[in-house]
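Residue-level structure breakdown
If you want the building blocks of each chain, they are given just below.
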Amino acid sequence: MSAPGFTGGTIDRADRVRQEPELLRAAESDPRARLLVLHGLDPELDDADRLVWTALDAAQGERLFLGYDDGVPVFAAAPPHGQTLPGGRSPALFAMLDRFHAGDAALYAAARSLVDWHARHGFCAVCATPTAIFRAGWGRSCPHCHAEHFPRVDPVVIMLAEFGDKVLLGRQPPWPAGRYSALAGFLEVGESIEEAVRRETLEEAGIRIGAVRYVASQPWPFPSSLMIACIGEAEDDAITIDANELEDARWFSREEVRLALARDPAATFGAAPPYAIAHTLLTAWVEG
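Throughout what follows, the structure given in this document is the object of discussion. Only a predicted model underlies this, so the values are computations on that prediction, with no experimental measurement involved. (Residues numbered from 1 in each chain as written. Predicted model: local features only at pLDDT ≥ 70, side-chain atom pairs only at ≥ 80, totals over all residues. Heavy atoms only, no water.)

So, the sheet that holds strand β8 (residues 139-141)
The following threshold applies: A pair of strands is treated as paired once DSSP finds two or more bridges between them. Helix and strand assignments come from DSSP, with helices taken as H or I runs of at least 4 residues and strands as E runs of at least 2, each series counted from the N terminus. Note on contacts: a residue pair is in contact if any heavy atoms of the two residues lie within 4.5 Å. In this analysis an axis means a line fitted to C-alpha atoms, helices contributing only their contacting stretch, and an angle means the value between N-to-C directions, from 0 to 180 degrees.
One open sheet accounts for three strands, arranged β7-β8-β9; its pairing is antiparallel. This sheet does not close on itself; its edge strands, each paired only once, are β7 (132-134) and β9 (148-149). With two bridges joining them, β8 and β9 adopt antiparallel strand pairing. Within β9, the position partnered with S141 by the bridge is E148. Here helix α4 (residues 102-120) sits on the sheet in contact with β7, β8 and β9, set at roughly 20 degrees to β8.

Next up, the structure:
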């Protein structure tokens, strides 16, 4: 089974530097220190499809310490206070996603989510006072009520329901024609992963799930989700679609999934691209 996209990071996140201002100053003064080039939230790739970096003094906002990449301090820049950033994924980024080197993709995922969080959380959630960056960019503190805020991660279950030698996939209207993929949904408060898998599958497709097994996870930086991939055993195969969530849902055989993953012209549907954990999940199911 291939590793999910945006995983495989190799940097040392160096939490100790976040705690000690002297260590942060040393990292910032290191002549090798680099700043990730971002256009809004989009990276830039060079001719070898590697991330482009520049000098630290090019930062227009406060510097966010990402860690050490092979001993070299690496940073991103928070947007200046009050500056908004475009959400979603731009066409330019879509064109890059299949080109990323694994380690670069993981580093970009962390940087993008962190920069985006700062852009959207400049005010205290308790008293609405403008907050200040601390912990080398991995938190914001309120000077008025002293509340501390930290980058959030939103857990999402993404799952296959299997029934015999078939697997349930659905599609949403915005997807490319013929694309079918795993069902997914956010975990709710007071809910376990297994409970979320059962609830979402029942809500979206009317399928009741028994046993649930975990397969893999993936950071998904749009803006800051953690995709938790699972396979659940369906109790029956009678589909009842929630039209507010899905355009269609169908059962597919192992051979149909195999052809789709291989992008075979004979495939009956289009599978998710390799950087998406749905691709990893389908590969795991096909391989048994």
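Some words on the pattern of salt bridges
Definition in use: The salt bridge definition used is simple: a Lys or Arg side-chain nitrogen within 4 Å of an Asp or Glu carboxyl oxygen. A simple rule labels every residue: compare its accessible area, found with a 1.4 Å probe on the protein chains alone, to the largest value its type can have, and call it buried under 20%, exposed over 50%, or partly exposed in between.
Counted under the stated rule, the structure contains 21 salt bridges. Ionic pairing is found between K166 and D237, a salt bridge with its closest N-O pair at 3.1 Å. Taken as a pair, K166 in strand β11 (residues 166-171) and D237 in the loop between β14 (225-234) and β15 (248-253) lie far apart in primary sequence, 71 residues in all. For K166, a relative accessible area of 28% gives the class partly exposed. Of the residues examined, D237 reaches a relative accessible area of 32% and is grouped as partly exposed.

Remarks on the packing of helix α6 (residues 254-261) against helix α7 (residues 277-287)
Filter applied, for reference: Here the angle decides the label: under 35 degrees means roughly parallel, over 145 means roughly antiparallel, 65 to 115 means roughly perpendicular, and every other value means oblique. Throughout, a crossing is termed right-handed when the near helix is turned clockwise from the far one, and left-handed when it is turned anticlockwise from it by less than a right angle. Each residue is assigned to one class: nonpolar for Ala, Val, Leu, Ile, Met, Phe, Trp, Tyr, Cys and Pro, charged for Asp, Glu, Lys and Arg, and polar for all the others, Gly among them.
Where α6 contacts α7, the axes come no closer than 10 Å and their chain directions differ by 135 degrees. Between α6 and α7, the angle is such that the two are oblique. Crossing of α6 over α7 shows left-handed handedness. Of the residues in α7, those touching α6 at R254, V257, R258 and L261 are H279, L282, T283, W285 and V286. Of the residues belonging to the contact of α6 with α7, the class tally is five nonpolar, two polar and two charged.

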